[in-house]
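# Summary of structural features
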Amino acid sequence: MSVRIAPSILSADFRRLGEDIALCEAGGADWIHVDVMDGHFVPNLTFGLKVIEAARAATTLPVDVHLMVERPEQYLEAYAKAGAQVLTIHAEAAPHLDRQLMHIKALGCRAGVALNPGTPLSAVEEVAHLVDLLLIMTVNPGYGGQSFIPYTVDKVERARFLLDQAGSEAVLQVDGGIGRATIHDCWRAGADCFVAGNAVFGAADPRGEIGALRALCAEAA
Ligand code: DX5
Ligand code: ZN
């Protein structure tokens, strides 16, 4: 199972976004994670299409867009056009999950579904064979720099089982509070894609931190 590290630019320095993204690329990042928040689905507002376009222009890496918005169906086409290669919507915000996943695929993107810590895994059970990415939130979405919620590790383990049972090769992503102290447990539970904001951009050497996080996945327990 290959390990993907996806730095979240939510914690980047917006005065020098292009340079921070280049730093991630030089450090061996696999994807660039972009957190779109609408101030309704989550209690915080971040950025929209312009930043996706800027990220797209700053890197050749896949741009992984995490839509923490109500009615995500309104934006899928625009975000795909702006350069997203991965589009993840929240199950809590998408009652017509099957339709939205098919829509994302038709736009040529990887179709992702995210689950908040309080949302049961059963919310994606019926579409497990359709998802290209399953995101298990390891904090309540809305802010960078929050503490990892330990009980989510068990859900990661069950999510790995669900994907395997469905014969799915979907990416199993974790997001929130991922850093040196938490990444190994998530990896052991079956996650293979790790979003990290504060851990990367708050490190003395952000470039080196990406490799350090990756190495922790390979280490024996
Ligand atoms: C949380 C966002 C995360 C966030 C992660 O709502 O979805 O992607 O940027 O930040 P850290 O790694 O600092 O918890
Ligand atoms: Zn995110």
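Residues numbered from 1 in each chain as written. Chains lettered and ligands numbered in written order. Predicted model: local features only at pLDDT ≥ 70, side-chain atom pairs only at ≥ 80, totals over all residues. Heavy atoms only, no water.

### Concerning the overall build of the protein
Of the regular secondary structure elements, the protein holds eight helices and eight strands. For 221 residues, the compact-globule formula gives about 17 Å, and the C-alpha radius of gyration of the protein, at 16 Å, lands near that figure. Along the three orthogonal principal directions, the C-alpha set of the protein runs to about 45 × 40 × 30 Å. Contacts in the protein between residues at least 24 apart in sequence constitute 65% of all its contacts with a sequence separation of at least 6. Carbon together with sulfur atoms contributes 50% to the accessible area of the protein, which is approximately 9,500 Å² in total. Here the protein contributes 17 positive and 27 negative side-chain charges, whose respective centroids are spaced 3 Å apart. (Helix = DSSP H or I, 4+ residues; strand = E, 2+ residues; numbered from the N terminus. Rg over C-alpha atoms; globule rule 2.2 N^0.38 Å. Contact = heavy atoms within 4.5 Å. Areas by Shrake-Rupley, 256 points an atom, 1.4 Å probe, with all protein chains shown as cover. Lys, Arg positive; Asp, Glu negative; His and termini not counted. Charge placed at Lys NZ, Arg CZ, Asp CG, Glu CD.)

### Some details on the site of ligand 1
Surveying the vicinity of ligand 1 reveals 20 residues, the closest of which are Asp35, Gly142, Gly145, Asp175 and Gly197. In the model, an oxygen atom of ligand 1 is placed 2.7 Å from a nitrogen or oxygen of the Asp175 side chain. For the shell around ligand 1, the elements supplying multiple residues, two or more each, are strand S2 (32–37), strand S3 (63–68) and strand S8 (193–196). Looking at the shell around ligand 1 element by element, the count peaks at three residues for S2. Class assignment for the residues of the shell around ligand 1 results in eight nonpolar, ten polar and two charged. (Near = heavy atom within 4 Å. Polar contact = N/O pair within 3.5 Å; in protein donor to acceptor, adjacent residues only side chain to side chain. Nonpolar A, V, L, I, M, F, W, Y, C, P; charged D, E, K, R; others polar.)

### Some words on the coordination of the zinc ion (ligand 2)
Surrounding the zinc ion (ligand 2) are the protein donor atoms His33 (NE2), Asp35 (OD), His66 (ND1) and Asp175 (OD), which sit 2.0 to 2.3 Å from the metal. Coordination at the zinc ion (ligand 2) is octahedral: its six donor atoms span angles of 70 to 170° at the metal. Look at where the donors of the zinc ion (ligand 2) fall in the sequence and you get H-x1-D-x30-H-x108-D. By relative accessible area, which is 0% here, His33 ends up buried. The exposure class assigned to Asp35 is buried, which follows from its relative accessible area of 4%. (Donors = N, O, S within 2.8 Å, 3.2 Å for Na, K, Ca; no water. Tetrahedral: all angles 85-135°; square planar, octahedral: opposite > 155°, others 65-115°. Buried < 20%, exposed > 50% of the residue type's maximum accessible area, 1.4 Å probe, protein only.)

### Focus on the pairing of strand S5 (residues 110–115)
The buried count for S5 comes to five of six residues, which makes it a mostly enclosed element. In this structure, strand S4 (residues 86–90) lies alongside S5, joined through five bridges in parallel fashion. Bridge pairing links Leu87 to Ala111 in S5. With respect to chirality, the unit in which S4 leads through helix H4 (residues 97–106) into the neighbouring parallel S5 is right-handed. Of the strand pairs in this sheet, S5 and strand S6 (residues 133–137) are connected by four bridges, and their pairing is parallel. Bridge pairing links Ala114 to Leu135 in S6. (Pairing = 2+ DSSP bridges. Right-handed = clockwise from strand over helix to strand, strands pointing away.)

### Topic: the side chain of Asp192
Examined against the element boundaries, Asp192 turns out to sit in the loop between helix H6 (183–189) and S8. The class of Asp192 is buried, set by a relative accessible area of 8%. Polar contacts involving the side chain of Asp192 include one to the main-chain amide nitrogen of Leu172, which spans 2.8 Å. What Asp192 contacts, discounting residues up to four positions off in sequence, is Met1, Ser2, Val3, Arg4, Arg160, Ala170, Val171 and Leu172.

### Examining the pairing of S6
Of all five residues making up S6, five are buried, and the element is well covered by its neighbours. A two-sided burial pattern is seen for S6, the buried positions comprising Leu133, Leu135 and Met137 on one face and Leu134 and Ile136 on the other. Bridging between S6 and strand S7 (residues 171–175) involves five bridges; their strand directions are parallel. Considered in S7, the bridge of Ile136 is made with Val174. On the question of chirality, the crossover connecting S6 to the parallel S7 by way of helix H5 (residues 152–165) is right-handed.

Don't take any of this as a statement about function, it's just geometry.
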